[in-house]
Amino acid sequence: MTPGIVYLVGAGPGDPELLTIKAKRVLGAADAVVYDHLVAPEVLELAGPGCERVFAGKKGGEFSRPQSEIDETLVRLALEGKTVVRLKGGDPFIFGRGGEEAAALAAAGIAFEIVPGVTAALAAAAYAGIPLTHRLLSSSVVLLTGHEDPSKPGATVRWEDYARLKATLCIYMGVRNLETIARRLEAGGLAATTPAAIVQSATTVEHRRILGTLGTLAELAARENVDAPAMIIIGEVAAFSETLDWFEPARHQALAR
Ligand code: SAH
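What you see is a predicted model; the values in this text were computed from it and never measured. Residue numbering note: each chain is counted from 1, following its sequence as written. Totals for whole chains, interfaces and linings use all residues, but because this is a predicted model, local features are given only for residues with pLDDT of at least 70 and pairs of side-chain atoms are given and counted only at 80 or more. In computing side-chain values, all of the structure's heavy atoms are included and hydrogens and water are not.

A. Looking closely at the packing of helix α3 (residues 67-79) against helix α4 (residues 98-107). Angles here are taken between N-to-C directions and fall from 0 to 180 degrees, while the axes themselves are lines fitted to C-alpha atoms, restricted in helices to the stretch in contact. Numbering of helices and strands runs from the N terminus, with a helix taken as a DSSP run of H or I at least four residues long and a strand as a DSSP run of E at least two residues long. Packing of α3 against α4 brings their axes to within 10 Å, and their N-to-C directions diverge by 45°. By the angle class used here, α3 and α4 are oblique. Considering how the two elements wind past one another, α3 and α4 form a crossing that is right-handed. Across the interface between the two elements, Gln67, Ile70, Asp71, Leu74 and Val75 of α3 pack against Glu100, Glu101, Ala104 and Leu105 of α4. Each residue is assigned to one class: nonpolar for Ala, Val, Leu, Ile, Met, Phe, Trp, Tyr, Cys and Pro, charged for Asp, Glu, Lys and Arg, and polar for all the others, Gly among them. Split into classes, the residues belonging to the contact of α3 with α4 amount to five nonpolar, one polar and three charged. Any angle that is under 35 degrees is reported as roughly parallel, and any over 145 degrees as roughly antiparallel; angles of 65 to 115 degrees are reported as roughly perpendicular and all others as oblique. Left-handed is the label given to a crossing in which the near helix is rotated counterclockwise from the far helix by less than a right angle, and right-handed is the label when the rotation is clockwise. By definition in these notes, contact holds between two residues if any of their heavy atoms fall within 4.5 Å.

Here it is, written out as structure tokens:
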């Protein structure tokens, strides 16, 4: 039997309309779809009724498959001759372990394609009215993970270093460690008055955005019970959200119906 193919597909941040046309096409042609918990149900529905659906698990949650098992599943399905879509939240190559999965497919000699998606940092910024770059205020953007416990020895993100970049910092998976992250950026010289925002469940009905400063954001987030998934954006450009915040989840839902 000729082996199938695996598409590593970015499903975008939540709003199904942010899916690419290519993602929609390959989903429609899929024999099997292996999906993550952050993928919207409307996106999953684009796979045909006969398509096999495999839940790959919730990261950090009560049910989570080991990465090796996901890799094996993709290889097995492809060896059965199937067209497989591996559907991931956001973009598969941004904090999505898409690199590991592509490497496993390459090692097994399975054909694959990568379909990029709108990553959470771009979506959260756009829907909160935060231009990530600005001619006068920000010439670079950094995508960081806040998942690691910043106090653990040997942590790979050296927060103090990022304080000096004058870049817009977009932090994924950072809610739990926000207090420590903020204090370390301040220790590195980033002013406590630097504008900062958190966007929770960006682009979905649950979308909400909280605006503050580096000095106040952790406390605000705790008071408002901000929970994952949430994007933290730190930098002068975050202040634009005061005037450019345009997204109204309720109205958006009404329009989508
Ligand atoms: N591959 C994904 C990121 C996976 S890591 C991407 O490219 O977007 C999961 C983290 O992404 C979450 O903890 C959160 O920080 C962020 N995230 C994903 N979806 C989000 C959303 N709708 N709103 C805000 N942050 C989101």
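B. Geometry of the environment of Lys166. Relative to the helices and strands, Lys166 resides in the loop between α6 (159-162) and β7 (168-172). Relative accessibility thresholds used throughout: buried, under 20% of the residue-type maximum; exposed, over 50%; partly exposed, between the two (1.4 Å probe, protein chains only). In this structure Lys166 comes out as exposed when scored by relative accessible area, which is 70%. Remark: the alpha-carbon pair of Lys166 and Leu190, spanning 24 residues in sequence, is separated by 8.5 Å. Not counting the four nearest positions on each side in its chain, Lys166 is found in contact with Leu137 and Ser138.

C. Focus on helix α5 (residues 120-128). Within the span of α5, buried status applies to Ala121, Ala123, Ala124, Ala125, Tyr127 and Ala128. Its buried side turned inward, α5 meets β6 (141-145), β7, β8 (195-200), β9 (208-213), β10 (230-234) and α9 (241-244). Gly129 occupies a position one or two residues after α5 and carries a positive phi of about 70°.

D. Main features of a nonpolar patch on the surface. In this scheme, patches are assembled from residues that exceed 30% relative accessible area and form no salt bridge. Like charges are connected within 9 Å, while nonpolar side chains (Val, Leu, Ile, Met, Phe, Trp, Tyr) are connected within 5 Å. For accessible areas, the Shrake-Rupley method is used with a probe of radius 1.4 Å. Any residue's cover is judged against the shown protein chains and nothing else. The working definition used for a salt bridge is a side-chain nitrogen of Lys or Arg within 4 Å of a carboxyl oxygen of Asp or Glu. A surface patch of nonpolar side chains, about 280 Å² in accessible area, is lined by Phe95, Val141, Leu143 and Met173. Position of Leu143 relative to the elements: it lies in strand β6. The class for Leu143 is partly exposed, based on a relative accessible area of 31%.

E. Region of interest: unusual backbone geometry. With an omega dihedral of 0°, the bond running from Ala228 to Pro229 counts as a cis peptide bond. Within the chain, Thr203 stands out as a residue other than glycine whose phi angle is a positive 75°. Following the sequence through the fold, Thr203 ends up in the loop between β8 and β9.

F. Spotlight on the pairing of β10. A large share of β10 lies buried, amounting to five of its five residues. Of the two faces of β10, the one lined by Ala230, Ile232 and Ile234 and the one lined by Met231 and Ile233 are each fully buried. With three bridges connecting them, β7 and β10 associate as antiparallel partners. Looking at the pairing, Ile171 lines up with Ile232 of β10. Between any two strands, pairing holds if DSSP finds at least two bridges.

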